[in-house]
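# Close look at the chain arrangement
In case you want the letters, here they are:
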Amino acid sequence: MRSCLTACLLAALVPGAAWAQQAPAEAENSGVQRFEPAYFERFAPQTAADMVRRIPGFSVRNNTEGRGLGQGGTNVLINGERVTSKESNVIEILERTPAATVVAIEVADAATLGVTGLTGQVANVIIDRSNLSGSYEYSMEFRDETKPRFQRGQVSVSGEAGKLSYTLGLASRSRRGFERGPEEVLNGMGNLIELRDEHLQIKYDGPRLTYDLGYDFSARTKLRLTGSGELGNFQEIERSESSNGSFRTAENAEDEWNTDITAELSHDIGPGTAKLIGYTRFEHSPFFSRTKLRTPGEEDFIQTFEQVADEAESIGRAEYAWATESGVSWEFAGETAFNFVEVESDFIIQDGLDNEVVDIPGVRVEELRAQTSLTRGFKIFEKVNVQASLAGEWSRLTVENEAGEETREESFLRPKGFVSLAFPLGEKLSMRARVDRSVGQLNFFDFVSSVNLTDEREDAGNKNLVPQQSWDSELELQRDFGNDERIVLRFNHAFIADRVDNVLVTVERDGELVRQNATGNIPKARFAAARLEGTVLTDRWGLKGGRFDFEGARFYSEVEDQLTGENRSFNGFNDWFYGIDFRHDIPGTNWAWGGDVRRRGPEEFIRFDEETRFSLSKPFYGAGIEYKDFYGAILRLRVGNIANTDFKVNRIRYDGFRDEGVIEEIERRERYDNQRWAIDIVGTF
């Protein structure tokens, strides 16, 4: 594996290397690669998303965590426009768009397009919905020790009716999960004191309705509506049978619904285009958690935690973009947003006939935000494309208790912006660079006290949270070859202020001040990453129709531990991963086969009274075979987790704080989830 990646890296950086085969069409001096539908024919794509995934060396980069509508987004456009919805992202829309509607896909550097917030390669999917068409997909999955999954599938239809274009979709996003295995419990001296047999079942059913509508009032005025609605039912049950005769069940359930809508009105005015964009989303999430411990000769010990959360976000944005005769592009934008989450919780402890109600105060968190930005795109030295943006953000955070009393109100004024460049280093070698000043998005649930009964953890809410800020930089090298092969090497670095991570806070409980785990801010932190991804064809080795798509990354993070003063990684952070996909479309036939291998590094979660490490025993392996003309559809057989990879958890619990070094208990868990056999039928109409 390492030798393969090393060879690819060397080839990517050696300008003299050339692998002969004609590449997709490239417009003269434009730096735009154009992929016609004929390029994808051997893959038998059913949707526009299938085609995007087969672009050599291109990976979808989705940043839906950005604040508002003007920061980040997916590096895929539809008809030259960014999809502004935060929930119905562009890939989901393309998954509902039949491949027959795609005219072409163009790939270019973000800095050349004048679309703010994007970086690296951007794919523009050109779609013509003038003809009525549709797509469908149905999937079944079978695993030992769990019920088959028959409820997953989707259907969509696209077309035009006069000036109205539409794509409508209905999907059932059913999932089933399973884990089973032993757990050892050791005392602080490392001696085995308990052995548990644990069994976990996970079930999710979520019907989802989506729509993407466009209406052309005239050649100059257009309206677009994008939205979705979803019902989600989640259930998780863990059963644990102990060697001491006790039996414990832990159940978590959520029965939520959410809806969102985005409206975008564009109108050509003067030399440019003005847009008015509105977005709103609401989610209602009742959550239930209960554990029951049954010990021989004792009364049942039952804990119940219930929480009802309502959350919403509304955004309004206005922008005007224009270009000068000299090729300079401008965009001026203003945006305002209002977010809130309101949470009510109940925690009841029942020991036999004794009930104790633990008070968890209700909380409402609001944020009002406004932002303006000015972005300019231009060229220097003829071939270097530059995009620069200067922005400023004002925000106000308000935290109220369940009585409606304000416990915190604080305002912030922060500078933002970025500079990105794209320039060629040779005929087949190019470079991209970007520097950002960014502000992160808070998770409002971190302001709320919470209880995890399954893992026996309790976190305090932290009303003093602030969004983290960072200086982010990225450098990307891209090496293209003449036969649809491409390798991309990317470096990232960030200096972070007010890093959001696990901290220790002081809270009042029963009239006393106690220290407790919470999510909070750490003054400074650092992050770095190196990524390698690309596409290699097997024609060079005499196997026509085959291709490898690969990716790998090495991460580094650094933050000061509040207890020990030593540096540690970010919580829940793994420092490496890799993935390799192989597909062979057998020439002259309707058959294709392939496989994949993936693995990620261990993850560590640090609290002030425990350390938990998650790891995998071996890589995940998968394989599949497909027939491309099953009564006009694709029939696919897949198998996942061929090697029965185990999930391992090592949890050290301390008697007091970690820095005191007194270990109370060690839990060692190893679980398997069996092979997954699936049958897919995918087609169009």
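Looking at an unreviewed UniProt entry, one finds the protein chain named TonB-dependent receptor plug domain-containing protein and attributed to Parvularcula mediterranea.

Remark: the centre distance and the inter-plane angle together describe each pair of aromatic rings, the angle taken between the planes. Throughout the structure, instances matching the rule amount to 24 aromatic pairs. Look at phenylalanine 555 and phenylalanine 573: their rings are 6.0 Å apart centre to centre, the planes differ by 75°, and that puts the pair in the edge-to-face class. With phenylalanine 555 in strand E27 (residues 546–560) and phenylalanine 573 in the loop between strand E28 (567–568) and strand E29 (576–585), this residue pair connects regions lying 18 residues apart in the sequence. Each member of the pair, phenylalanine 555 as well as phenylalanine 573, is classed as buried. Ring centres of phenylalanine 620 and phenylalanine 647 lie 5.9 Å apart, and the angle between their planes is 50°; this geometry places the pair in the tilted category. Pair noted here: phenylalanine 620 is in strand E33 (residues 620–630) and phenylalanine 647 is in strand E35 (residues 646–654), with a separation of 27 residues, a long-range link. Three or more aromatic residues joined by ring pairs make a cluster, and in this case those are Phe527, Phe555, Phe570, Phe573 and Phe577.

Here we come to the environment of glycine 278. When you line up the elements, glycine 278 lands in strand E14 (residues 272–294). It is 5.2 Å that separates the C-alpha atoms of glycine 278 and alanine 263, two residues lying 15 residues apart in sequence. In this structure, glycine 278 is in contact with Ile261, Thr262, Ala263 and Ile315, ignoring residues within four places of it in sequence.

Counted according to the given criterion, the structure contains 72 salt bridges. Here arginine 53 and aspartate 50 are joined by a salt bridge, their closest N and O atoms 3.7 Å apart. Residue classification places arginine 53 among the partly exposed residues on the basis of a relative accessible area of 42%. You can call aspartate 50 partly exposed: its relative accessible area is 25%. A salt bridge links glutamate 194 to arginine 196, with the nearest nitrogen and oxygen atoms 3.1 Å apart. Assigned by exposure class, glutamate 194 and arginine 196 land together as buried.

This brings us to the nonpolar core. In this structure, Val52, Ile55, Val76, Leu94, Ile105 and Val125 are the most contacted members of the largest nonpolar core, which totals 23 residues. Counting residues per element, the ones that place at least two in this core are helix H2 (48–52), strand E3 (76–78), helix H3 (90–95), strand E4 (102–109) and strand E5 (121–127). Those residues in contact with leucine 94, other than ones at most four positions away along the chain, are Thr47, Ala48, Ala49, Val52, Val76, Ile78, Val125 and Ile127. Core analysis: the next-biggest nonpolar cluster, separate from the first, contains 16 residues, Val503, Ala518, Ala525 and Phe555 among them.

Now for the layout of surface pockets. Where empty space is left becomes clear once a probe the size of a water molecule has been rolled over the atoms. Its volume calculated, the largest pocket comes out at about 1400 Å³. Lining the largest pocket are 50 residues, with Ser449, Ala460, Val507, Arg509 and Gln516 positioned closest to its centre. Looking at the lining of the largest pocket, the elements that each hand over two or more residues are strand E17 (354–358), strand E19 (384–401), strand E22 (450–452), strand E23 (457–459), strand E25 (486–509), strand E26 (512–537) and E35. The element contributing the most residues to the lining of the largest pocket is E25, with six residues. When its residues are assigned to classes, the lining of the largest pocket shows 18 nonpolar, 14 polar and 18 charged.

Bringing a nonpolar patch on the surface into the picture now. Taken together, the side chains of Tyr138, Phe142, Phe150, Ile586, Trp591, Trp593, Ile625, Leu637 and Trp677 define a hydrophobic patch exposed on the protein surface, amounting to about 820 Å² of accessible area. If you list the elements that add at least two residues to the nonpolar patch, you get strand E6 (133–142) and strand E30 (591–600). By the secondary structure assignment, tryptophan 591 is in strand E30.

About the criteria used
Residues numbered from 1 in each chain as written. Predicted model: local features only at pLDDT ≥ 70, side-chain atom pairs only at ≥ 80, totals over all residues. Heavy atoms only, no water. Phe/Tyr/Trp six-rings, centres within 6.5 Å; stacked < 30°, edge-to-face > 60°. Helix = DSSP H or I, 4+ residues; strand = E, 2+ residues; numbered from the N terminus. Buried < 20%, exposed > 50% of the residue type's maximum accessible area, 1.4 Å probe, protein only. Contact = heavy atoms within 4.5 Å. Salt bridge = Lys/Arg side-chain N within 4 Å of Asp/Glu carboxyl O. Core = buried A, V, L, I, M, F, W, Y, C linked by side-chain atoms within 4.5 Å. 1 Å grid on protein atoms, 1.4 Å probe; cavity = no way out; pocket = protein on both sides within 12 Å on 5 of 7 lines; lining within 4 Å. Points joined across faces, edges and corners; volume = space filled by probe spheres on them. Nonpolar A, V, L, I, M, F, W, Y, C, P; charged D, E, K, R; others polar. Patch = residues over 30% accessible without salt bridge, like charges linked within 9 Å, V, L, I, M, F, W, Y side chains within 5 Å. Areas by Shrake-Rupley, 256 points an atom, 1.4 Å probe, with all protein chains shown as cover.

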